[in-house]
Amino acid sequence: MKKILSILFITLGLNFTTFANSNFKIISTVVNVETDYTSDGVRGINITYRYNFLPLEEENHNDTILSKASFSISAILYENNKAIEPALGYQSTANANGEAAFGFDFLSNEMQASKFDKKKSLFIPYAALNLSQGSHTISIKTLLSGTDGTGIKHEQKLLNENVNFTKPKTNTFTLNIDYIESTEKNAKGNVWDIAFFRTDAPDVGVNVLVGKISVWKKNVNDTYMFAVGPNSKNITFTISENDRVELLIQDIDLIFHDFIGQLNFDTKN
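So, here is what we can say about the structure in this document. (Residues numbered from 1 in each chain as written. Predicted model: local features only at pLDDT ≥ 70, side-chain atom pairs only at ≥ 80, totals over all residues. Heavy atoms only, no water.)

Here we take up the pairing of strand β7 (residues 134–147). Bridging between strand β3 (residues 70–79) and β7 involves 9 bridges; their strand directions are antiparallel. Following the sheet pairing, S72 is matched in β7 by S145. As paired elements, β7 and strand β8 (residues 153–167) share 13 bridges and run antiparallel to each other. Of the residues in β8, the one forming a bridge with L143 is K157. Connecting the antiparallel pair β7 and β8 is a turn made up of 5 residues, with G151 showing a positive phi of about 95 degrees. (Pairing = 2+ DSSP bridges. Helix = DSSP H or I, 4+ residues; strand = E, 2+ residues; numbered from the N terminus.)

This paragraph deals with the environment of L143. Relative to the helices and strands, L143 resides in strand β7. For L143, a relative accessible area of 29% translates into the label partly exposed. Distance from L143 to A75, taken between C-alpha atoms, is 6.4 Å for residues 68 residues apart in sequence. Setting aside its immediate chain neighbours within four residues, L143 contacts S72, I73, S74, E155, Q156 and K157. (Buried < 20%, exposed > 50% of the residue type's maximum accessible area, 1.4 Å probe, protein only. Contact = heavy atoms within 4.5 Å.)

Let's shift gears to the sheet that holds strand β1 (residues 27–39). Here 3 strands make up an open sheet; going across it, the order is β1-β2-β6 and the pairing antiparallel. Two strands bound the open sheet, and with one partner strand each, they are β1 and β6 (118–125). Adjacent strand axes in the sheet meet at a mean angle of 20 degrees, parallel and antiparallel pairs treated alike. (Axes fitted to C-alpha atoms, helices over the stretch in contact; angles between N-to-C directions.)

Here S214 shows up in strand β12 (residues 213–219). In this structure the side chain of S214 is engaged in a polar contact, spanning 2.7 Å, whose partner is the side chain of N207. Contact partners of S214, with chain neighbours within four places excluded, come to G89, S92, N207, V208 and L209. (Polar contact = N/O pair within 3.5 Å; in protein donor to acceptor, adjacent residues only side chain to side chain.)

With that settled, consider the sheet that holds strand β11 (residues 204–210). Pairing is antiparallel in the open sheet, where 4 strands are placed in the order β12-β11-β15-β16. On the outer flanks of this sheet lie β12 and β16 (258–266), each paired with one strand and no other. Between one strand axis and the next, the sheet turns through 15 degrees on average, direction left out of account. Examined bridge by bridge, β11 and strand β15 (residues 244–251) share 6 bridges and lie antiparallel to one another. Looking at β15, one finds that N207 is bridged to L248.

This part is about the pairing of β15. Of all 8 residues in β15, 7 are buried, a share of seventy percent or more. The turn linking β15 back onto β16 is made up of 6 residues.

Written as structure tokens, this is what we have:
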């Protein structure tokens, strides 16, 4: 008897993500890393990226490929091959793995093709890093990722090794907000929000910032008075010695927030 060997081909439905197979680089390999940099009264690390989206347009021979593009940068810091975690109060920087990830999105006007390279900086406060006081040697892994106007995804990875710095002494900053009251009209003499079926009062939002990183924020709707009781008590976070803490108050809108006021706490005093 002949044995018949049957071969069964099974087609599996897989969901593939389309990535471009390109050799061009949007970010130059030359990345400037400055330690002991001061930004908004806060000490930390400043990373400057030199970039250009022109190669993406030239490779695809499509001068509209950037019109609906979306790109961002994310930087993760490592010490002894272990990702550094956020310090007290900086959970807004934590990614899905609990690592401190710092980054930004490119604005549409920043992604316009140009014959000349552009620069964009990323500031990382020392206080945001869960590290001890003293000398440290870290590496910085940067990922640029995004989608061009045709839906194709692109990625570029960069590595900066042997970045040395001395982390300053840290303090714990505790903030208690009883209430904040805004005026009935803005600086131009206009009401904050124009509404037909509700009050013209603003949606007061309070954001506590250290080096432009939010350590606490909350907003209330349709009222001149920001008062949230115990929810704004014992707001605790880490700062480096002499860091400045910013309290930003805005009328929260869908796209652009209107400035109400700002308080700066200069801790060196």
